[in-house]
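One-letter residues, chain by chain:
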Amino acid sequence: MKQVREAVVPNGRASELIPLMKDSGYVDLSARITSADGHRLVPIRDECIEAVRDLGLEITSGPAYSESSRPPLERICDRLSDLPQDVLGLLPDKWELAGKVVTLKMDESLFCHGEAIGRAYAEVLEVDAVLADLSGVSGEFREPDMRLLYGTSGESIKLENGIRYCFDVTKVMFASGNLVERRRMKELDCRGETVVDMFAGIGYFSLPLARFSGATRVFSCEKNPNSYRFLLKNIELNNLTNVIPILGDNRDISGTHFADRILMGYVQTTSQFVPKALTMAKKGCIIHYHDTFPVGKEMEMTCEIFDRYCGVGKYRVEGMREVKSFAPSVSHYVADIRIL
């Protein structure tokens, strides 16, 4: 293994000297800082050895462990070593990566160090912007509540399953937990079908289905102007000609009994839109119905909804799967329902 020259920094002076050496350009950033016997061993660029000795530090040699081989949070803490230990102990060890943007859920007591923390995560994770997720999503449009820590914008492009999604995490939600369902849309056989996506968002389900399933046309309806703007951008980004975007309430879509397949990718109030879905559905239409139910009650409660709006014996549940956990003892499910 390649050897590197190292400065021997006593732990008691590490928070003072390591940032100083980094700012002065003395540290070899391609190699990792290690620990031994109450000291930090800091890899030093060869041309800076005498300058480091002038700081009163001993120089030794050791193996050049790759900086990139260290856990990301460990490298982030190194960059923030001048912060108090109780602050470092609160740094988030999980994050959401969306293209070149990262979102963190972090304790509000850290916001006074927000810019430094954001910069450290950006440098280690190699992204353009870092944002704090303050309170998740809320409201009819499922809008995020974010605070920019580092960078200039929350907009990025995420490549997933052959689809480019452009979105701004400060304006629209991107549910990473729906990955399997987005992949399933890609794998459906919809050759010759007319599909309606009643809650298109930025094209989460519409885009993979339109590109890969063989659907003739996909009507993608979205009420939120921010989401609709990114839907238009994503249709263009993915060079799709079979997606027809619609801005507005899906209950205003004209036409009856024309859809071979309907996507209902919303939760909690989805049942309110079943009557409209049924007016658009052809005989034999498949409805992909998303909703949240207490665990173990999903089939019973789905059937109650479709018994009420469709009629007993006028539909068949062909599949039911959990998409993700939603709350304690509650999960997000999707049911594949064929209209008879």
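Scroll up to find the structure this text is about.
Residues numbered from 1 in each chain as written. Predicted model: local features only at pLDDT ≥ 70, side-chain atom pairs only at ≥ 80, totals over all residues. Heavy atoms only, no water.

Q: Any chance you could break down the pattern of salt bridges for me, citing the residues and the numbers?
A: Summed over all chains, the structure comprises 20 salt bridges. Of the charged contacts, one joins Glu123 and Arg79 as a salt bridge, the two residues approaching to 3.1 Å between their closest N and O atoms. In this pair, Glu123 sits in helix H5 (residues 114-125) while Arg79 sits in helix H3 (residues 72-79), placing the two residues 44 residues apart along the sequence. A salt bridge links Asp249 to Arg251; the shortest N-O distance between them is 3.0 Å. Residue Asp249 is classed as buried on the basis of its relative accessible area, which comes to 18%. Where salt bridges share partners, they join Glu181, Arg184, Arg321 and Asp336 into one cluster. (Salt bridge = Lys/Arg side-chain N within 4 Å of Asp/Glu carboxyl O. Helix = DSSP H or I, 4+ residues; strand = E, 2+ residues; numbered from the N terminus. Buried < 20%, exposed > 50% of the residue type's maximum accessible area, 1.4 Å probe, protein only.)

Q: Describe in detail the packing of aromatic side chains, supporting the description with residues and values.
A: Geometrically, a pair of aromatic rings is defined through the distance of the ring centres and the angle of the planes. All chains considered together, the criterion is met by seven aromatic pairs. Relative to Phe273, the ring of Phe199 lies with its centre 5.0 Å away and its plane at 85°, an arrangement referred to as edge-to-face. Here Phe199, found in the loop between strand S11 (194-197) and helix H7 (206-212), pairs with Phe273, found in the loop between strand S14 (259-264) and helix H9 (274-280); they are 74 residues apart in sequence, far enough to count as distant. Residues Phe199 and Phe273 agree in their burial class; the two are buried. An angle of 50° between the planes, with centres 5.7 Å apart, marks the rings of Phe306 and Tyr315 as tilted. Phe306 sits in the buried class, given a relative accessible area of 0%. Here Tyr315 falls in the buried class, since its relative accessible area comes to 11%. Each member of the aromatic cluster is reached from another via a ring pair, and the members are Phe199, Tyr266 and Phe273. (Phe/Tyr/Trp six-rings, centres within 6.5 Å; stacked < 30°, edge-to-face > 60°.)

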